[in-house]
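Coordinate analysis (summary)
What follows is each chain in one-letter form.
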Amino acid sequence: MGYLKTAEEKKQLVFTYLAFMLNGMLALSIGSLLPFIREAKGLGYVFAGTIVSLHSVGNLLSSFGAGTISVLLGRKRSILLFNACYALSYLLIIYGNHNVSLALAFLMTGLARGASSNFGNYTVNNLAPGRAGFLNALHAMFSVGAFSFPIFLTVITRTNSARWVVACYFLVAMGILSWLLYFFTPVTENPKEKAGKKAKDGNFGFFREPLFYLCTFTLFFYLCAEQGVIGWLITYFVDTGLLGSSLSQLMASVLWIMILAGRLTAAGLSGKLKKEKLLFAMGIGFVCFFFWLLFSKNTAFIVMGIMGFGYSMAGIYPATVSFCGKLIQKYSMAWSFILTVASFGSILMPMIIGRIAESVGIAYGMSSIVVVVLIDLALIIALNLYIRKHPEEFGG
């Protein structure tokens, strides 16, 4: 906090952190609620997979749309517009009796999540440029929110599963609180944002760069696995009978606690170890612990598998993005294409798992992620080899 000079900057940072914690809770609650929603609304695996994917679609749309709309309306009005989708989406989940309303609700959770992520990352970068610790703290707050809700849901539904609706009302209240935090967050509009930046070396030259494809598809397959596991993990445990409903919810919290621990560890080690070696180690753990998780049949081994998987996966995304730095600086359109293509992984995989689960069962649906994690490891190895062959591109 000593880095910030004015009381207004400190208030802006604190409110942004608190809102981002609520963003983690509101955005990641859909995986925990999915088994209850499926049972209450009589949903099949295919439609359930589709609405989980619609969350990712909304996230992708608003990640870009929030930036564009903020130019027209200002950043404050833009975030208030998108963030209002949280409270409205959970009201739709409670009262909506048609598949269309559920689909719209899940899309709206994604719209709110993407805009909040855009706003939070921009604000912290603007307040403390070049200070990685501030950004690590921001994403740690997201993880705190993400692991808090499954614990709350477990307590609420322990004796009566119908109380999942009470948890939804709680999320409506948290959505309103999130909106109020943004409403009272001081925001300084910067007219220079409208001007944008001109690329020095052309906009689309990155298509000729091997690094673009290595980073993009490493992220694509990583997001396939991440959203596949986060979206379907609880449903997988409950429907296969491996764990009870309450214990399954706690496993979601364990996953996010370990992701938080992994992110903090990766941040601490990034200055001591070469990033490519750290990425390779995380990739190995990512694959090994997913196999461990998939083949575990007793509670103790399942817990160890989840802990290892969450810890290993935590740093893969930021480490891979860090290798795109010079590419993004060189080509103005590079990050937009990397983010768009990679995000399709989180959109496609939940639907693929749902279709497989509908045909042959949820166990086979989750097993399909094996292919994804193996391809991702192969790409991480290829990225490591590229970095070793071209050290001059990475300051080596």
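The notes below deal with the structure included here. Per-chain numbering applies: the sequence of each chain, read as written, is numbered from 1 onward. This being a predicted model, a pLDDT of at least 70 is required before a residue's local features are given, and a value of 80 or more before pairs of side-chain atoms are given or counted; all residues contribute to the totals for chains, interfaces and linings. Each side-chain value is derived from all of the structure's non-hydrogen atoms; neither hydrogens nor water enter the calculation.

Let's shift gears to the overall build of the protein. Helix and strand labels come from DSSP, where a helix needs a run of H or I of at least four residues and a strand needs a run of E of at least two; each type is numbered from the N terminus. Of the regular secondary structure elements, the protein holds 15 helices and zero strands. Against the compact-globule benchmark of 21 Å for 396 residues, the protein has a radius of gyration of 21 Å, which places it among compact chains. Referenced to the eigenvectors of the C-alpha coordinate spread, the extents of the protein come out at roughly 60 × 45 × 40 Å. Looking at the protein as a whole, 51% of its 396 residues qualify as buried. By definition, residues are in contact when any of their heavy atoms lie within 4.5 Å. Long-range contacts, defined here as pairs at least 24 residues apart, represent 81% of the contacts in the protein between residues at least 6 apart. When the accessible surface of the protein is split by element, carbon and sulfur atoms take 67% of a total near 17200 Å². Side-chain charges of the protein comprise 29 positive and 14 negative groups, with the mean position of each set lying 5 Å from the other. This radius of gyration counts C-alpha atoms alone. The globule rule is 2.2 Å times how many residues there are, raised to the power 0.38. Categorising residues by exposure relies on relative accessible area from a 1.4 Å probe, with only protein chains included: less than 20% of the type maximum marks a residue as buried, more than 50% marks it as exposed, and the intermediate range marks it as partly exposed. To be clear on the numbers: accessible area is Shrake-Rupley with a 1.4 Å probe, and residue cover counts the displayed protein chains and nothing else. Think of it this way: Lys and Arg go in the positive column, Asp and Glu in the negative one, and His and the chain ends go nowhere. A single reference atom marks each charge: NZ on Lys, CZ on Arg, CG on Asp, CD on Glu.

A helix is expected to reach a length of 1.5 Å times the quantity of its residues less one. With 15 residues, helix α10 (residues 299–313) extends 21 Å from end C-alpha to end C-alpha; this agrees with the ideal 21 Å at 1.5 Å per step. Among all positions in α10, only I302, G305, I306, G308, F309, G310, S312 and M313 are buried. Looking at the buried positions of α10, the neighbouring elements they touch are α7 (210–240), α8 (245–269), α9 (275–295) and α11 (316–322). Here a polar contact means two N or O atoms within 3.5 Å. Within protein one must be a hydrogen donor candidate and the other an acceptor candidate, and residues neighboring in sequence count only if both atoms are side-chain atoms. Among the residues of α10, the N-terminal cap falls to N298, whose side-chain oxygen and the backbone nitrogen of A300 are separated by 3.2 Å.

Moving on to the nonpolar core. What is meant by a nonpolar core is a set of buried Ala, Val, Leu, Ile, Met, Phe, Trp, Tyr and Cys residues, joined one to another through side-chain atoms within 4.5 Å. With 122 residues, the main nonpolar core has L33, Y90, I93, F237, I306 and I369 as its most contacted residues. With 17 residues, α7 is the single largest residue contributor to this core. Among all residues touching I93, those that are not within four sequence positions of it are I37, K41, L102, A105, F106, W164 and C168.

Right, let's get into the packing of aromatic side chains. Centre distance and the angle of the planes are the two values used to describe a pair of aromatic rings. Only centres within 6.5 Å qualify two rings of Phe, Tyr or Trp (six-membered ring in Trp) as a pair; their planes then separate them into stacked at under 30 degrees, edge-to-face at over 60, and tilted for everything else. The full count for this structure, using the stated rule, is 29 aromatic pairs. Between the aromatic rings of F183 and F184, the centroid separation amounts to 5.1 Å while the plane-to-plane angle is 90°, which identifies the pairing as edge-to-face. Under the relative-accessibility criterion, F183 is labelled partly exposed at 39%. In this structure an aromatic cluster arises from ring pairing among F204, F206, F207, F212, Y213, Y331 and F337. Two limits define a charge over a ring: the Lys NZ or Arg CZ must be within 6 Å of the ring centre, and within 35 degrees of the ring normal. Over the aromatic face of Y45 sits the side chain of R38, whose NZ or CZ is 4.3 Å from the ring centroid. Cation over ring: K76 sits above F183, and NZ or CZ is 5.9 Å from the ring centre.

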